[in-house]
Amino acid sequence: MRILIFGGHYEPDLGPSAPIFTMLCRNLVKLGHQVTMLTMVPHYPSGRVPPEYRGKWFWKDDDQGVQVIRINLPSVDRAKLPQRMLQYLAYQVGVTLAGWSKPYDAVFAGSSALNSWLPFQTLVTLRNKPAVYGVYDVYPSVGIKLGIFRHKPVIALMTALERSCLNNAALVRIISDSFRPDLREMGVPDEKMVRGYDWVDTSLIRPLPRQNGFSREHNLDNQFVVMYAGNLGLSQGLEHIVAAAELLKGNDDIRFVFVGDGASRQMLLEETARRGLQNVTFLPFQPRERLSEVLATADVSLVSLQRGMGSGSLPSKMYSIFASGRPMILCVDEHSDPWNLVEQAGAGLCVPPENPAALSATILYLKNTPHLCREFGEKGRRWAEKRHSPEAGAREIESLLLRAIALKEKSKR
């Protein structure tokens, strides 16, 4: 099968979907398929394109059998929405031009329409190709909740663009059953939606000793480390973690560590300074090959979403934490998909979002029950190995694409 994929980041970019799409493409090649990935030049999270990726429209290379075509982007300040929109537009035009001459049997496209609308209309709808549309967040709902989309004309436009991708896909892959009500309202029938879990590199991310090169480098060996690693974005409600750090500032051996970057980083730095906190450390994104060390440095890993966001998201960092063999605390809406997943895996504890008091109490509880931390970590690792391997993920997408081809052939008769 000749497979065309677009709508996601790809390594060495640091976007949250980069490892997901990289592992998918490589493992589809291992299954015997020809894979072309149309992606962006590295630019995340700063929005700045490195000098080595400037100067021409397309950069082509072979990655373990995957033909990767990287689309050049303008360097922008990602904190400013109009500038981010310029990057989205440049990417969509570039994907459309790069993909038009490619031979392919089926398409896997990642949401949202901000990344995928124009190439979806040309490379799927216009060329009458079968496609699976992967929905990772429901747009425009998530943008409305975050206050990004405020004006009715903008919301109407985003809804129309997203609906056109959903309606023209043969199948819609969702990572959360909580997506179903919003997608039904956009005209997607239940039989078209397929529930799937994403995957994690369980060979790269594995349990390592708590004291390691990364922990020694940052003087964290003798601390109880509460870590948030990933995108410091608008939807995570990370200011409430800073508030929990203030509640625990009298505990000299507890240190909160943020590893990453994003639109909220400056606000978090200012909030930490305003509160005069000495128990919070900010570190930049780390190279992917150090991810096991980074996650192993955590005594407890955090996943956080703003109130109301848990029903429309399943953070991919959860799978990395499972694989790392460390316990996690989830600050998410009660009985949302992330909450239910952690309870099902038995890999951590959940607290309501935006509740620093509950979070700080749960941190103290886990600090005082190391045997429970070990149990949560071991269960999480077993869960990742059984449910979230990249090989299983590639087989699932392969099956969906073959199904999409069959549906397209049936519709032609």
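Let us look at the structure shown here.

Here we take up the overall build of the chain. For the chain, the helix and strand inventory stands at 15 helices and 14 strands. Here the C-alpha coordinates of the chain stretch approximately 70 × 45 × 40 Å along the principal axes. Counting across all 413 residues of the chain, residues that qualify as buried make up 58%. Of all intrachain contacts in the chain linking residues separated by at least 6 positions in sequence, the fraction that spans at least 24 positions is 71%. In the chain, the 49 positive side-chain charges and the 41 negative ones have mean positions that sit 5 Å from each other.

Quick look at the pattern of salt bridges now. Evaluation of the coordinates by the stated rule reveals 22 salt bridges. In this structure, E271 and R275 form a salt bridge, with 2.9 Å as the shortest nitrogen-oxygen distance. E271 sits in the buried class, given a relative accessible area of 17%. Each of D177, R180, R184, D190, R195 and D337 takes part in salt bridges that share partners, so that together they form one network.

Reading across from one edge, 3-4-2-1-5-6-7-8 is the order of the eight strands in this open sheet, with mixed pairing throughout. The two strands at the open ends of the sheet, each matched to only one other strand, are strand 3 (58-63) and strand 8 (193-195). Neighbouring strand axes in the sheet, compared pairwise and without regard to direction, differ in orientation by 20° on average. Bridging between strand 7 (residues 171-174) and strand 8 involves three bridges; their strand directions are parallel. From the neighbouring strand, V172 faces strand 8, where its bridge partner is M193. Helix 15 (residues 390-412) rests against strand 1 (2-6), strand 5 (106-110), strand 6 (131-135), strand 7 and strand 8 of the sheet, and its axis sits at about 160° to strand 7.

On to the nonpolar core. Within the largest apolar cluster, 96 residues are counted, with the highest numbers of intra-cluster contacts made by I5, F6, F108, F120, L183, M227 and F322. When residues in this core are grouped by element, the largest group, six residues, is from helix 1 (residues 18-30). If we skip the residues at most four places from it in the chain, F6 touches F21, L38, Y91, V95, V107, F108, A109, G110, S116, P119, F120 and L123. Of all hydrophobic cores here, the second largest spans 29 residues; its members include A245, V300, L302 and F376.

What follows deals with the packing of helix 12 (residues 337-345) against helix 14 (residues 370-387). It is at 9 Å that the axes of helix 12 and helix 14 come closest, and there the two elements cross at 105°. Classified by the angle between their axes, helix 12 and helix 14 sit roughly perpendicular to one another. Contacts between helix 12 and helix 14 pair L341, Q344 and A345 from the former with K379, W383 and R387 from the latter. When grouped by side-chain class, the residues that make up the contact of helix 12 with helix 14 number three nonpolar, one polar and two charged.

Here the focus is the packing of aromatic side chains. A complete count under the given rule lists seven aromatic pairs for this structure. Summarising the aromatic geometry, the rings of W57 and F58 are spaced 6.1 Å apart at their centres and angled 45° between planes, so their arrangement reads as tilted. With 5.4 Å between their ring centres and 75° between their planes, F120 and Y133 make a pair best called edge-to-face. Taken together, the residues F120 in helix 3 (residues 113-126) and Y133 in strand 6 connect sequence positions 13 residues apart. This pair shows no difference in class: F120 is buried, exactly as Y133 is.

Our focus in this paragraph is helix 2 (residues 81-100). Helix length check: helix 2, at 20 residues, gives a terminal C-alpha distance of 29 Å against a target of 28 Å (1.5 Å per residue), a fit within 8%. Along helix 2, the positions that sit buried rather than exposed are R84, Q87, Y88, A90, Y91, Q92, G94, V95, T96, A98 and G99. Those residues of helix 2 that are buried are in contact with strand 1, strand 2 (34-40), strand 3, strand 4 (66-71) and helix 3.

Attention shifts here to empty space enclosed by the protein. Per the stated rule, a full pass over the model turns up one cavity of 30 Å³ or more. In this structure, the largest cavity occupies an estimated 70 Å³ of space. Along its surface, the largest cavity is lined by 15 residues, and H240, S304, C331, E354 and N355 are the ones closest to its centre. Mapped onto the lining of the largest cavity, the elements with two or more residues apiece are helix 8 (239-247) and helix 13 (356-367). Grouping the constituent residues of the lining of the largest cavity by class yields eight nonpolar, six polar and one charged.

Calculation notes
Residues numbered from 1 in each chain as written. Predicted model: local features only at pLDDT ≥ 70, side-chain atom pairs only at ≥ 80, totals over all residues. Heavy atoms only, no water. Helix = DSSP H or I, 4+ residues; strand = E, 2+ residues; numbered from the N terminus. Buried < 20%, exposed > 50% of the residue type's maximum accessible area, 1.4 Å probe, protein only. Contact = heavy atoms within 4.5 Å. Lys, Arg positive; Asp, Glu negative; His and termini not counted. Charge placed at Lys NZ, Arg CZ, Asp CG, Glu CD. Salt bridge = Lys/Arg side-chain N within 4 Å of Asp/Glu carboxyl O. Pairing = 2+ DSSP bridges. Axes fitted to C-alpha atoms, helices over the stretch in contact; angles between N-to-C directions. Core = buried A, V, L, I, M, F, W, Y, C linked by side-chain atoms within 4.5 Å. Parallel < 35°, antiparallel > 145°, perpendicular 65-115°, else oblique. Nonpolar A, V, L, I, M, F, W, Y, C, P; charged D, E, K, R; others polar. Phe/Tyr/Trp six-rings, centres within 6.5 Å; stacked < 30°, edge-to-face > 60°. Expected span 1.5 Å × (residues − 1). 1 Å grid on protein atoms, 1.4 Å probe; cavity = no way out; pocket = protein on both sides within 12 Å on 5 of 7 lines; lining within 4 Å. Points joined across faces, edges and corners; volume = space filled by probe spheres on them.

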